[in-house]
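The chain contents come next:
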Amino acid sequence: DGGITQSPKYLFRKEGQNVTLSCEQNLNHDAMYWYRQDPGQGLRLIYYSQIVNDFQKGDIAEGYSVSREKKESFPLTVTSAQKNPTAFYLCASSRAGGLSTEAFFGQGTRLTVV
Amino acid sequence: SQKIEQNSEALNIQEGKTATLTCNYTNYSPAYLQWYRQDPGRGPVFLLLIRENEKEKRKERLKVTFDTTLKQSLFHITASQPADSATYLCALDPVTGSARQLTFGSGTQLTVLP
């Protein structure tokens, strides 16, 4: 089955630690995204990538970093510089091209600072 | 600044009735508008897409309208069922390039009462 897989589902981070969230897709999509969702708020874009080895900052990139070494993979690192990292993180992918297409989302990673 | 508002945080309706959800936007000229369904603790799932030159789109019990003059989209679920209970998100797509930079509303939580 084609899809997008995020891991882990739950993640706990201590103060001052960096943690990496995994996102893998087998949909052969060029574009991949990371969103953050807080209670009562919409999804906010952290980073996106249109092609391997290239990525762009979204609206709330501070305290986060990404890499795109393979088409299938787009990991997100939450660094210690992110002061309020507790949130639900969603990875998505979509086809690139001239027509708008829907985004396919993973099941999310819930990150909690302990 | 760009703003997307979904009519209310929560909407309760009786089973069998039609649910109508609203998405309003300002300072924005989307080429496409999408609607997603999100269940608790899960990633959003794409439902429908409507283009700026389309007035209405239907899919089974779902209907979406898009009024670029009013800057509003309406999302209808007819003959609603308890299984339709979820949060529904609208997302605007400016078609700025090959990557889809969707901007999401905060969602409306729909509860269909048996």
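Refer to the structure printed above.
The structure presented is a predicted model; accordingly, all values stated were derived computationally and were not measured.

A.B. asks: Describe in detail the overall build of chain A, supporting the description with residues and values.
C.D. replies: Looking only at helices and strands, one finds zero helices and 11 strands in chain A. Each helix and strand of chain A, ordered N terminal to C terminal, gives the series β-β-β-β-β-β-β-β-β-β-β. The C-alpha atoms of chain A give 13 Å as radius of gyration, which agrees with the globular expectation for 114 residues (13 Å, within 12%). In terms of overall dimensions, chain A has a C-alpha envelope of 40 × 25 × 25 Å along the principal axes. Pairs at least 24 residues apart make up 53% of the contacts formed inside chain A by residues separated by at least 6 positions. Carbon together with sulfur atoms contributes 46% to the accessible area of chain A, which is approximately 5600 Å² in total.

A.B. asks: Talk me through the packing of aromatic side chains; I want residue IDs and the actual numbers.
C.D. replies: In this structure the tally under the stated criterion is 12 aromatic pairs over all chains. Where Y33(A) meets Y35(A), the ring centres are 6.2 Å apart and the plane angle is 25°; that geometry is what we call stacked. Owing to a relative accessible area of 1%, Y33(A) belongs among the buried residues under this scheme. Judged by its relative accessible area of 1%, Y35(A) falls in the buried class. With a centroid separation of 6.0 Å and an interplanar angle of 75°, the aromatic rings of F105(A) and F104(B) are classed as edge-to-face. With F105(A) in strand β10 (residues 104–105) and F104(B) in strand β10 (residues 103–104), this pair bridges two chains. Classification of F104(B) as buried rests on a relative accessible area of 7%. Each residue in the set Y33(A), Y35(A), F105(A), Y36(B), F46(B) and F104(B) is aromatic and connected to the rest through ring pairs, giving one cluster.

A.B. asks: Please set out the sheet that holds strand β6 (residues 56–59) of chain B residue by residue, giving values where relevant.
C.D. replies: All names here are of chain B. Strand order in the open sheet formed by five strands is β1-β3-β8-β7-β6, and the pairing between neighbours is antiparallel. On the outer flanks of this sheet lie β1 (3–6) and β6, each paired with one strand and no other. For this sheet, the mean inter-axis angle between neighbouring strands, taken without regard to orientation, is 15°. In the sheet, strand β7 (residues 62–67) pairs with strand β8 (residues 72–77) via six bridges, with the strands oriented antiparallel. Each bridged residue has a counterpart across the sheet, and for D67 the counterpart in β8 is Q72.

A.B. asks: So, the pairing of strand β9 (residues 87–94) of chain A: which residues are in play, and what are the values?
C.D. replies: Residue and element names in this part refer to chain A. Of all the eight residues making up β9, eight are buried; the element is thus mostly covered by neighbouring parts of the structure. Of the two faces of β9, both are covered, the one formed by A87, Y89, C91 and S93 as well as the one formed by F88, L90, A92 and S94. Pairing analysis gives seven bridges linking strand β4 (residues 31–37) to β9, with the strands arranged antiparallel. Directly across from Q37, in β9, lies its bridge partner F88. Sheet topology places β9 next to β10; two bridges connect them, and they run antiparallel.

Thresholds, definitions, all that
Residues numbered from 1 in each chain as written. Chains lettered and ligands numbered in written order. Predicted model: local features only at pLDDT ≥ 70, side-chain atom pairs only at ≥ 80, totals over all residues. Heavy atoms only, no water. Helix = DSSP H or I, 4+ residues; strand = E, 2+ residues; numbered from the N terminus. Rg over C-alpha atoms; globule rule 2.2 N^0.38 Å. Contact = heavy atoms within 4.5 Å. Areas by Shrake-Rupley, 256 points an atom, 1.4 Å probe, with all protein chains shown as cover. Phe/Tyr/Trp six-rings, centres within 6.5 Å; stacked < 30°, edge-to-face > 60°. Buried < 20%, exposed > 50% of the residue type's maximum accessible area, 1.4 Å probe, protein only. Pairing = 2+ DSSP bridges. Axes fitted to C-alpha atoms, helices over the stretch in contact; angles between N-to-C directions.

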